[in-house]
Amino acid sequence: MNRIYLFLPLAALIAFAGYLGLQSGKIPGETEIINRYAAAYMDTAPSGASPTDCAASPHPDPAVRMVINCAHPFGLTTTYYVGPRGEALPEPQGPDA
């Protein structure tokens, strides 16, 4: 039996692990982030909510990629702060006086 056949499964496993590493390191786009947070809003919002209730705007702080505001027709507003890689952030605090 040829030795190459012994190393083919290992080579395939290494290639697959590299592919997964590249996919997990990819930064999501703005549309993907907004859709993700609109879906989270739909899970918690009362009836009558729509994904189109959500809109995003940039934030002046470079540590915050965008702010997503979801305004329910009944007046309830939900705000999400999103980090550079699409992660949820706590509400930023102002400068100390």
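Presented here is an overview of the structure given in this document. (Residues numbered from 1 in each chain as written. Predicted model: local features only at pLDDT ≥ 70, side-chain atom pairs only at ≥ 80, totals over all residues. Heavy atoms only, no water.)

### Observations regarding the packing of aromatic side chains
Each pair of aromatic rings is reported with the distance of its centres and the angle of its planes.
Inference 1: Per the stated rule, a full pass over the model turns up one aromatic pair.
Inference 2: Pairing Y37 with Y80 gives two aromatic rings, centres 5.3 Å apart and planes at 45°, and the pair type is tilted. Of the two residues, Y37 is situated in helix 2 (residues 30–44) and Y80 in strand 3 (residues 77–82); the sequence distance between them amounts to 43 residues.
Inference 3: A residue is classified by how much of its surface remains accessible, and Y80, at 17% relative accessible area, is buried. (Phe/Tyr/Trp six-rings, centres within 6.5 Å; stacked < 30°, edge-to-face > 60°. Helix = DSSP H or I, 4+ residues; strand = E, 2+ residues; numbered from the N terminus. Buried < 20%, exposed > 50% of the residue type's maximum accessible area, 1.4 Å probe, protein only.)

### Examining the pattern of salt bridges
Inference 1: For the coordinates displayed, the defined rule picks out one salt bridge.
Inference 2: With a closest N to O distance of 3.1 Å, R65 and E30 form a salt bridge. Highlighted residues: R65 in the loop between strand 1 (54–58) and strand 2 (66–71) and E30 in helix 2, separated in sequence by 35 residues.
Inference 3: With a relative accessible area of 21%, R65 lands in the partly exposed category. (Salt bridge = Lys/Arg side-chain N within 4 Å of Asp/Glu carboxyl O.)

### Concerning the pairing of strand 2
Inference 1: One ladder, built from five bridges, connects strand 1 with strand 2; its direction is antiparallel. Opposite S57, over in strand 2, you have V67 as the bridge partner.
Inference 2: Looking at chain direction, strand 2 and strand 3 are connected through six bridges and run antiparallel. The partner of V67 across the bridge, within strand 3, is Y81. (Pairing = 2+ DSSP bridges.)

### Some points on the state of the cysteines
Inference 1: Within this structure, the stated rule accounts for one disulfide.
Inference 2: Each sulfur in the disulfide pair C54 and C70 lies 2.0 Å from the other. Residues C54 and C70 are joined through a disulfide that is right-handed, its torsion about the S-S bond being 110°. Note that C54 is positioned in strand 1 and C70 in strand 2, a separation of 16 residues in sequence. The pair formed by C54 and C70 is uniform in burial state, with each residue classed as buried. (Disulfide = S-S within 2.5 Å.)

As far as function goes, none of this settles anything; it's purely spatial.
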